[in-house]
Amino acid sequence: MASVVQVLCTPHDPLLPGVAAGGSAAPEPLQRSVAHFAELRARLAAARPDVLVVVSGDHFNQWFYDNMPTFLIGKAVRARGPFPHEQELFGIGPYDTALEGDIARHLLRGGFQRGIDFSYSDDFLLDHGFTVPLSFLRPEQDLPVVPIFTNVMAPPVATGRRFYDLGAAIVEMVEAHPADLRVAIIASGHLSNAIGNPAMARFQTEPETAWDKRVWAQITAGDTESLIKETTYESLAAIGSGTPGFLDFLFALGAVGGATPDYAEKVACTFAPPTGFLAWGDRGSVPASEVVAR
């Protein structure tokens, strides 16, 4: 039987790959973000996954208000990205790996049996919400991926409870698959964020909001039920236009049953939104000393 061996939450700021390329010349808070990615990369390697299930929103790159799936599973032969304009604008390198079609179809069928009406597509690209964390966590591009696209942009948006329950259902369905596969789940989202509006200026004077501090305390204390009740698209959008991306973190919390994380690090600075890094699991991991550095 398949097993979920690790669950990770990461940010997907499209500027981070350029920061990593800048090395010691990059601002110190962003260097810390890159270091946290390196820690999660080592944890992922130690968990020895065979498949990566990656969850993120699409940033209006291929779906818009006139045609927006709530939850969509990609089931093409390969998973490629990001979009050309993202490569040109942000300097994000291409990511191209196999897609694990058998797991994708298994999740589709299992979802329908559970009343989860997934959309699906063979014609898509992975935008930076997928490729930024993948480029840090598995730059080898050697593991097959199952992408799950979530609508966190265009209301009506599913509730926090729905995201949480979906995370739990995905784990149950993965672990019902008969193959002997080790599966890691990567949820790509963020804390408070504002895109293209005056609220972006807030980060210069208020690196993290009271909301950021409260939800981080709830996550690290395992106060998941309160967090679910408080989390709606409307409440998140009131904090910043991009903040509903936090819903994908609720997906991860559902995948771990609301457990407190084994690793939790938050970075806040005065020129960019706060970022959060979380890890759960390490079930079946090998000691870090036995993982070959790449």
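Residues numbered from 1 in each chain as written. Predicted model: local features only at pLDDT ≥ 70, side-chain atom pairs only at ≥ 80, totals over all residues. Heavy atoms only, no water.

What about the packing of helix α6 (residues 160-174) against helix α10 (residues 247-255)?
Piece 1. Axis separation between α6 and α10 bottoms out at 6 Å; the angle between their running directions is 45 degrees. The angle between α6 and α10 falls in the class oblique. Between α6 and α10 the crossing geometry is right-handed. Here Gly160, Phe163, Tyr164, Leu166, Gly167, Ala168, Ile170 and Val171 of α6 lie close against α10, whose contacting residues are Leu247, Asp248, Leu250, Phe251, Leu253, Gly254 and Ala255. (Axes fitted to C-alpha atoms, helices over the stretch in contact; angles between N-to-C directions. Helix = DSSP H or I, 4+ residues; strand = E, 2+ residues; numbered from the N terminus. Parallel < 35°, antiparallel > 145°, perpendicular 65-115°, else oblique. Left-handed = near helix turned anticlockwise from the far one by under 90°. Contact = heavy atoms within 4.5 Å.)

Here's the deal with empty space enclosed by the protein
Piece 1. This structure, assessed with the given rule, holds three cavities of 30 Å³ or more.
Piece 2. Counted as a void, the largest cavity has a volume near 60 Å³.
Piece 3. The wall of the largest cavity is formed by His12, Gly57, His59, Val152, Met153, Ser188, His190, Ile195, Gly242, Gly245 and Asp248.
Piece 4. Of the residues in the lining of the largest cavity, the class split is three nonpolar, seven polar and one charged. (1 Å grid on protein atoms, 1.4 Å probe; cavity = no way out; pocket = protein on both sides within 12 Å on 5 of 7 lines; lining within 4 Å. Points joined across faces, edges and corners; volume = space filled by probe spheres on them. Nonpolar A, V, L, I, M, F, W, Y, C, P; charged D, E, K, R; others polar.)

Some words on the sheet that holds strand β9 (residues 263-267)
Piece 1. Across the sheet, eight strands lie side by side as β6-β3-β7-β2-β8-β1-β10-β9; this open sheet has mixed pairing. The open sheet terminates on both sides in strands that have one partner only, identified here as β6 (119-121) and β9. Averaged over all pairs of adjacent strands, the angle between strand axes in this sheet comes to 15 degrees, irrespective of strand direction.
Piece 2. Two elements, strand β3 (residues 71-74) and strand β7 (residues 145-150), share three bridges in a ladder whose sense is antiparallel. Looking at β7, one finds that Phe71 is bridged to Thr150. (Pairing = 2+ DSSP bridges.)

Re the pairing of strand β2 (residues 51-57)
Piece 1. Within β2, seven of the seven residues are buried, which leaves it mostly tucked inside the rest of the structure.
Piece 2. Examined bridge by bridge, β2 and strand β8 (residues 182-188) share five bridges and lie parallel to one another. Each bridged residue has a counterpart across the sheet, and for Val55 the counterpart in β8 is Ala187.
Piece 3. Taken together, the six bridges between β2 and β7 define a ladder with parallel strand orientation. Within β7, the residue paired with Ser56 across the bridge is Phe149. (Buried < 20%, exposed > 50% of the residue type's maximum accessible area, 1.4 Å probe, protein only.)

Re the confidence of the model for the chain
Piece 1. Model confidence for the chain is summarised by a mean pLDDT of 91, while 91% of its residues fall at 70 or above.
Piece 2. Overall, residues 283-294 carries pLDDT values under 50, and its contacts beyond four positions in sequence, including any with other chains, amount to 19 contacts. (pLDDT = per-residue confidence, 0-100.)

Some points on the pairing of β8
Piece 1. Among the seven residues of β8, seven are classified as buried, and the element is accordingly described as predominantly covered.
Piece 2. Residue alternation in β8 divides its side chains into two sets, Arg182, Ala184, Ile186 and Ser188 and Val183, Ile185 and Ala187, and both sets are buried.
Piece 3. Sheet topology note: the strand β1 (residues 3-10)/β8 ladder contains seven bridges and is parallel. Note on β8: the bridge partner recorded for Ser3 is Arg182.

Some points on the side chain of Thr231
Piece 1. Inspection of the secondary structure assignment puts Thr231 in the loop between α8 (224-230) and α9 (233-239).
Piece 2. The class of Thr231 is buried, set by a relative accessible area of 4%.
Piece 3. A distance of 2.6 Å separates the side chain of Thr231 from the backbone oxygen of Leu227, its partner in a polar contact.
Piece 4. Once you skip the residues sitting within four places of it in the chain, Thr231 turns out to touch Gly160, Leu236, Phe246, Leu247 and Leu250. (Polar contact = N/O pair within 3.5 Å; in protein donor to acceptor, adjacent residues only side chain to side chain.)

Considerations on unusual backbone geometry
Piece 1. Residue Pro82 is reached from Gly81 by a cis peptide bond, and omega for that bond is -5 degrees.
Piece 2. Residue Pro156 is bonded to the preceding Pro155 through a cis peptide linkage, with omega at 5 degrees.
Piece 3. Within the fold, Pro156 resides in the loop between β7 and α6.
Piece 4. Backbone geometry places Arg48, a non-glycine residue, at a positive phi of 50 degrees.
Piece 5. Within the element layout of this structure, Arg48 appears in the loop between α2 (28-47) and β2.
Piece 6. The partly exposed category is assigned to Arg48, whose relative accessible area is 38%.
Piece 7. Phi is positive for Phe60, close to 60 degrees, though the residue is something other than glycine.
Piece 8. Structurally, Phe60 is set in the loop between β2 and β3.

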